[in-house]
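Architecture and fold: a report
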Amino acid sequence: MNNEVAITGMGILSAIGNSVQENRRALLSSKSGLGTLKHIDSNHKNAIKVGEVSLTNSEIVKRLNLSEKNNFTRTALLGTLAAKEAMQQAKVSNYSDYKTGFISATTVGGMDMTENHWNQFASNSEVQKYISSHNAGDSTEKIADYFGITDYVTTISTACSSAANAIMLGARLLKAGKLDRVIVGGTDALSKFTINGFKSLMILSESNCKPFDANRSGLNLGEAAAYLVLESNKVVAEQNKKVLAYVSGYGNANDAFHQTASSKTGEGAFLAMEKALKTATLNATQISYINAHGTATQNNDLSESVALQRVFKEMIPSFSSTKPFTGHTLAAAGAVEAILSIIAIQENKVFANLGFQNQMPETGLYPVTQLENKEINHVLSNSFGFGGNCTSLIFSRP
Amino acid sequence: MKPCYIHSVVSISAQESFSEDVLFSEIKNYPEFKVSAIHPSYRDYIAPAQLRRMSPAVKMGVAASKKALEISAVTQPDAIITGTGLGCIADTETFLNTVINQEEQFLTPTAFIQSTHNTVAGQIALALKCRAYNTTYVHGSVSFESALIDAQLQIETEEAKQVLVGCVDELGTKFVDYIHLVEQSQQPSINVPLGEGATFGVLSSKQKGAAAVLNAVEINSKITIDEITTKIKAFLKQNQVAIDEVDAVILGINGDGFDIYYQTITELFVNSDILQFKKYVGEFFSASGFAFWMGTKLLSGKTLPEAFYVKKVDKEPYKTVLLYNQFKGSQHSFVLLSQC
């Protein structure tokens, strides 16, 4: 196993809690965070179920001690609070002691504010402060500025695999010796833009999603922010850090099939998983748990299942999708699921694929439906996105 | 670490940079506050049926990348890496307008599908049936440089032998006016047009046939004006280049109050040629891709129009070129290029 990239801190805000501990509790009690939309006034709010972070913007502003005049979007607010928890756990307070980077992922950036003020931007000087916070890099800059990280700061946007790619880039930069420490993850707030986008694609479920079920009816959108602190072995040794897990493997491939649909053979997913196993120098049989992408759309779950069968043959390990807990948190999903994967290692538990009833006739795969006790050493986590982008990560017990 | 060679760089801009068989000599000046790219005949690169559905960003990205691959005789890159500041803003605006104006009713998904920031990278992969590594950076004015850093990392660590890397931003319709509106209240405001463009190139671990070498790329989120000279000196020192060895410095001058950064470092490079470009191609998040095109041209012995020169001390033939860009005092980037 490859152990050059240590995870020393993590922080998360999701529909199942405003800290790692709250998320852990919900997972261990199989309690979904899906519900009715509260923070956005959408026409569809009674027709869909979403995974919303419970805190309001003003509650987060207070927790972060931001000035009243701030122009933080919800994406930036969620991100800053989650990153703060990760830094605290990793006991990072000084950003100049080691070469430190920050890599964040988002799809909508400041869209939550843009869509509220779009038609007032020209006439209302009060809301013009949100023009410069629209671009995707702004939330990242705000978070980096909040902590005083100045060196290598960048943003990745590859749709729903964004945060997985941020984690992967951080790991590669550490391994190459370009950085000693890097905070990686993603943040995406819910917006009318994405709700209506997925609605127009007719892939939103009206009830709680049922990944890998024969009668799955689409996905639930979610919002979240999640970050991991990655440190090199040098920093871990010099600062006597507690290692939570290692990023041992990663792989990125493109399905090159369709802008929004996955191929029947799951080619991109297959290649990403194979590459991740290769970088981790692990055999497929050594994976204890797969945190699947599992969006509960007709297309993804079949394609991903076929890819799983191609990689793991007859020996598919325990797998589940945690999206019935958090909703599909788009750019943040890869980091949210990284943290859930690490909790699985810490607790030696496989989380339930909530809502599952019937096997898909095409594959006959059976996810874990109730919290399962199992020794977990290596977790494979999948994140796939529009544009054919497929990324797989492997997290390993220290 | 493997050296990283630049095999081709292609740029679509508000100047005649794309049809580079004869390097352009006529410079166009633009008095308006926004300027479109000079769009090539996309039919030469993209099938008409696809062309109709593509926004300018996708057209520019696909055409520039195709030409860059052709020049370097690469059919399947080992990685496709793009950078964009605002992504597919035209389709983003279209979908946003319909969501608002139609009060979330009767929406079609086309504009939404095409609005994602990685649409260009995805479309290139789709056209090539390229299943390799594919990613997109969206960090303001260092979007392109972030892509370059990743591309160089791929080559250096032998994760890839040949990488397609590029950047693109399109003007869109309304958001650019909002940016202009806010900018007008600044003193002094950006004094070049707001623009669009795309730059794509092929980087490779193979020296044969290369146009230049990509030595180093560094991004810094924040540098104070007092630190800028020290930072640039440290960057050059780390890459074992003396200040006098820098033959040309290409700067992202845009006329606003933050040009003080460029003025400050100009004093450092007394014996170097100094060039600018935003006056002629416009300011946009991935405008610095054009500087990369310029630098590669200089190092491969091509001549650039006199208009680009702020100061000329006749350093040709160019052996070492430094690119420096920042936006509003943030997102600073240094790129060091040298002759093969």
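Reference entry: report on the structure contained in this document. (Residues numbered from 1 in each chain as written. Chains lettered and ligands numbered in written order. Predicted model: local features only at pLDDT ≥ 70, side-chain atom pairs only at ≥ 80, totals over all residues. Heavy atoms only, no water.)

Here we look at the overall build of chain A
- In terms of regular secondary structure, chain A is built from 12 helices and 12 strands.
- Computed over the C-alpha atoms, the radius of gyration of chain A is 20 Å, within 12% of the 21 Å expected from 2.2 N^0.38 for a compact globule of 398 residues.
- Seen through its C-alpha atoms, chain A measures out along the principal axes to roughly 60 × 55 × 40 Å.
- The burial tally for chain A puts 69% of its 398 residues in the buried class.
- For chain A, long-range pairs separated by at least 24 residues make up 78% of all intrachain contacts whose partners lie at least 6 apart in sequence. (Helix = DSSP H or I, 4+ residues; strand = E, 2+ residues; numbered from the N terminus. Rg over C-alpha atoms; globule rule 2.2 N^0.38 Å. Buried < 20%, exposed > 50% of the residue type's maximum accessible area, 1.4 Å probe, protein only. Contact = heavy atoms within 4.5 Å.)

A short note on the overall build of chain B
- If you tally the helices and strands in chain B, you get 11 helices and 11 strands.
- Here chain B has a C-alpha radius of gyration of 19 Å; the compact-globule value for 340 residues is 20 Å, and the two agree.
- Across its three principal directions, the C-alpha atoms of chain B cover 65 × 50 × 35 Å.
- Each of the 340 residues in chain B was classed as buried or not, and the buried ones make up 63%.
- Within chain B, contacts between residues at least 6 apart in sequence are counted, and of these 78% link residues at least 24 apart.
- Taken together, the 28 basic and 36 acidic charged side chains of chain B have centroids lying 6 Å from each other. (Lys, Arg positive; Asp, Glu negative; His and termini not counted. Charge placed at Lys NZ, Arg CZ, Asp CG, Glu CD.)

A few points about the pattern of salt bridges
- Tallied over the entire structure, the rule returns 25 salt bridges over all chains.
- With its nearest N and O atoms 3.0 Å apart, the salt bridge here joins Lys222 of chain B to Glu141 of chain A. Of this pair, Lys222 of chain B sits in strand β6 (residues 212-222) while Glu141 of chain A sits in helix α5 (residues 137-147), each in a different chain.
- Residue Lys222 of chain B is classed as partly exposed on the basis of its relative accessible area of 28%.
- Between Lys34 of chain B and Asp177 of chain B there is a salt bridge; the shortest N-O distance is 2.9 Å. With Lys34 of chain B in the loop between β1 (4-12) and α1 (48-51) and Asp177 of chain B in helix α7 (residues 175-184), the pair connects residues that are 143 residues apart, well separated along the chain. (Salt bridge = Lys/Arg side-chain N within 4 Å of Asp/Glu carboxyl O.)

Observations concerning the nonpolar core
- By size, the foremost hydrophobic cluster in this structure holds 102 residues, and its most contacted members are Leu228 of chain A together with Leu214 and Phe292 of chain B.
- Apart from residues no more than four positions distant in its own chain, Phe292 of chain B is found in contact with Ile6, Val9, Phe144, Leu148, Leu203, Leu214, Leu323, Val335 and Leu337 of chain B.
- Residues Leu37, Met111, Trp118 and Val127 of chain A belong to the second largest nonpolar core, which totals 36 residues. (Core = buried A, V, L, I, M, F, W, Y, C linked by side-chain atoms within 4.5 Å.)

Quick notes on the interface of chain A and chain B
- With 62 residues of chain A in contact, the opposing surface of chain B contributes 64 residues.
- Summed over both partners, the interface of chain A with chain B comes to about 5100 Å²; 59% of that surface belongs to carbon and sulfur atoms.
- When the area that chain A buries against chain B is broken down by residue, the three leading residues are Trp118, Arg172 and Phe193 of chain A, summing to 15%.
- Connecting chain A to chain B are 5 salt bridges. (Buried area = accessible area lost by both parts, 1.4 Å probe.)

Let's talk about the packing of helix α6 (residues 162-175) of chain A against helix α6 (residues 143-156) of chain B
- Between α6 of chain A and α6 of chain B, the least distance of the axes is 11 Å, while the angle of their chain directions is 55°. Here α6 of chain A is positioned oblique relative to α6 of chain B, judged by the angle of their axes. With respect to the hand of their crossing, α6 of chain A and α6 of chain B are arranged in left-handed fashion. Contacts from Leu169, Arg172 and Leu173 of chain A of α6 of chain A reach α6 of chain B at Asp150, Leu153 and Gln154 of chain B.
- Of the residues that constitute the contact of α6 of chain A with α6 of chain B, the class distribution is 3 nonpolar, 1 polar and 2 charged. (Axes fitted to C-alpha atoms, helices over the stretch in contact; angles between N-to-C directions. Parallel < 35°, antiparallel > 145°, perpendicular 65-115°, else oblique. Left-handed = near helix turned anticlockwise from the far one by under 90°. Nonpolar A, V, L, I, M, F, W, Y, C, P; charged D, E, K, R; others polar.)

Some remarks on unusual backbone geometry
Residue and element names in this part refer to chain B.
- Cis geometry is found at the peptide bond from Gln187 to Pro188, where omega equals -15°.
- Within the secondary structure, Pro188 sits in the loop between α7 and β5 (197-204).
- Each neighbour pair has its own omega, and for Glu316 with Pro317 the value is -5°, a cis peptide bond.
- Although it is not a glycine, Phe106 adopts a positive phi angle of roughly 50°.

So, the state of the cysteines
- Applying the stated criterion to the full structure yields 0 disulfides over all chains.
- Among the cysteines around Cys160 of chain A, which has no disulfide bond, Cys390 of chain A carries the closest sulfur, lying 11 Å off.
- With no disulfide of its own, Cys130 of chain B lies 13 Å from the sulfur of Cys390 of chain A, the closest cysteine sulfur.
- Note on Cys130 of chain B: relative accessible area 1%, which makes it buried. (Disulfide = S-S within 2.5 Å.)

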